[in-house]
Structures are given as structure tokens and as C-alpha cells.
Amino acid sequence: QVQSVESGGGLVQAGGLLRPPCAASGRIFSINIYATGWYRQAPGKQRELVAAITSRGSSNYADSVKGRFTIARDNAKNTVYLQMNSLKPEDTAVYYCNIRSWGADDYWGQGTQVTVSS
């Protein structure tokens, strides 16, 4: 079994930064990871993709975070980081990490709360 474990959320003032990691653990050798993505869900809203990075290093971002967020992977640690700069109150949400295999299996984490105060 593969687990996706997020951490590093918290309360920060507008303009601040966070860098939550997403660590893959378990039988990760048993799957071929296609991509790792960070999603978020605010109260009353649908879950949306924030940023994703493939195993080959290609990345994409939601328009709302371009220029502020950066996704990067550390293959040696099986970890993907989401560098979040210039945080805004509208970034407040529960952030989830998703690991997707080439076989289109999804492994979701439990989520980490990010709250940005104005």
C-alpha cells in the first residue's frame, strides 16, 4: 500500500509563506508514479488543482497561483514540496496531496489546513 502524507500547513498572515511537503511512503516501489499534485478545497467549494509535477519534472499551475507558488520534487526523499509565497486570504483551504500512478491509481493524503489571515 502507498501513502501520501502532507504536513506543514498552518496559520500565516497575508504576504507570508509556507512550504508544505508531501511524502510518499509505503510500497512506493510497487507503483510507477506518473505525477504528484497538490489540490485544495475551501469551505463550500469544489476541490481544485493547485499545482502538479510529473516524474519527468514537468509542472503546471492553477492561474490563481502562478508566479507565487512553486512545486518541486526531491526524488531521494520521495517528497514533493509546494513553496507558497505571497499568500492571500483566498488561499485559505485544506490542501491535499495526490500521487497518481501510470495506471491512473490515485493515492490521497489526509490534508493539511492552510489559513491566511488578512
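Residues numbered from 1 in each chain as written. Predicted model: local features only at pLDDT ≥ 70, side-chain atom pairs only at ≥ 80, totals over all residues. Heavy atoms only, no water.

Re the state of the cysteines
- With the rule as written, the count across this model stands at one disulfide.
- Paired through a disulfide, Cys22 and Cys97 show a sulfur-sulfur distance of 1.9 Å. Taking the torsion about the sulfur-sulfur bond, which here is approximately -75°, the covalent link between Cys22 and Cys97 counts as left-handed. In this pair, Cys22 sits in strand β3 (residues 21-26) while Cys97 sits in strand β9 (residues 93-101), placing the two residues 75 residues apart along the sequence. When sorted by exposure, Cys22 lands in the same class as Cys97, which is buried. (Disulfide = S-S within 2.5 Å. Helix = DSSP H or I, 4+ residues; strand = E, 2+ residues; numbered from the N terminus. Buried < 20%, exposed > 50% of the residue type's maximum accessible area, 1.4 Å probe, protein only.)

Section: the sheet that holds strand β1 (residues 2-6)
- What the four strands build is an open sheet, ordered β1-β3-β8-β7; its pairing is antiparallel. Where the open sheet ends on each side, the last strands, each with one partner, are β1 and β7 (69-74). Between one strand axis and the next, the sheet turns by 20° as a mean value, whatever way the strands run.
- The pairing of β1 with β3 spans five bridges and is classified as antiparallel. In the sheet register, Gln3 faces β3, and the bridge partner there is Ser25. (Pairing = 2+ DSSP bridges. Axes fitted to C-alpha atoms, helices over the stretch in contact; angles between N-to-C directions.)

Quick word on the side chain of Ser101
- Considering the arrangement of structural elements, one finds Ser101 in strand β9.
- Excluding its chain neighbours within four sequence positions, the residues that come into contact with Ser101 are Ile31, Asn32, Ile33 and Tyr34. (Contact = heavy atoms within 4.5 Å.)

A word on the side chain of Asn98
- Counting through the fold element by element, Asn98 comes out in strand β9.
- A polar side-chain atom of Asn98 sits 3.3 Å from a polar atom in the side chain of Asp106.
- Apart from the residues lying within four places of it in its own chain, the contact partners of Asn98 are Ser4, Ala35, Thr36, Gly37, Tyr39, Asp106, Tyr107 and Trp108. (Polar contact = N/O pair within 3.5 Å; in protein donor to acceptor, adjacent residues only side chain to side chain.)

Thoughts on the environment of Gln110
- Tracing the backbone through its elements, the reader meets Gln110 in the loop between β10 (106-108) and β11 (112-117).
- On a C-alpha basis, the gap between Gln110 and Glu6 in space is 7.1 Å, while along the polypeptide they are 104 residues apart.
- For Gln110, the contacting residues outside a window of four places in its chain are Ser4, Val5, Glu6 and Tyr96.

As for the pattern of salt bridges
- Across all of its chains, the model carries five salt bridges by this definition.
- Across the pair Asp91 and Arg68 runs a salt bridge, and its minimum N-O distance is 2.7 Å. Residue Asp91 is found in the loop between β8 (79-84) and β9, and its partner Arg68 is found in the loop between β6 (59-61) and β7; the two are separated by 23 residues along the sequence.
- Classification of Arg68 by relative accessible area gives buried; the value is 11%.
- Of the charged contacts, one joins Asp106 and Arg100 as a salt bridge, the two residues approaching to 2.7 Å between their closest N and O atoms.
- When salt bridges with common partners are traced through the structure, they connect Arg40, Glu48, Arg68 and Asp91 into a single cluster. (Salt bridge = Lys/Arg side-chain N within 4 Å of Asp/Glu carboxyl O.)

A look at the nonpolar core
- Counting 21 residues, the largest nonpolar core has Trp38, Phe69, Leu82, Met84 and Tyr95 as the members making the most contacts within it.
- The residues contacting Phe69, other than those within four sequence positions of it, are Arg40, Val50, Tyr61, Leu82, Gln83, Met84, Asn85, Leu87, Asp91 and Tyr95.
- In this structure, Val2, Ala24, Ile99 and Tyr107 belong to the second largest nonpolar core, which totals six residues. (Core = buried A, V, L, I, M, F, W, Y, C linked by side-chain atoms within 4.5 Å.)

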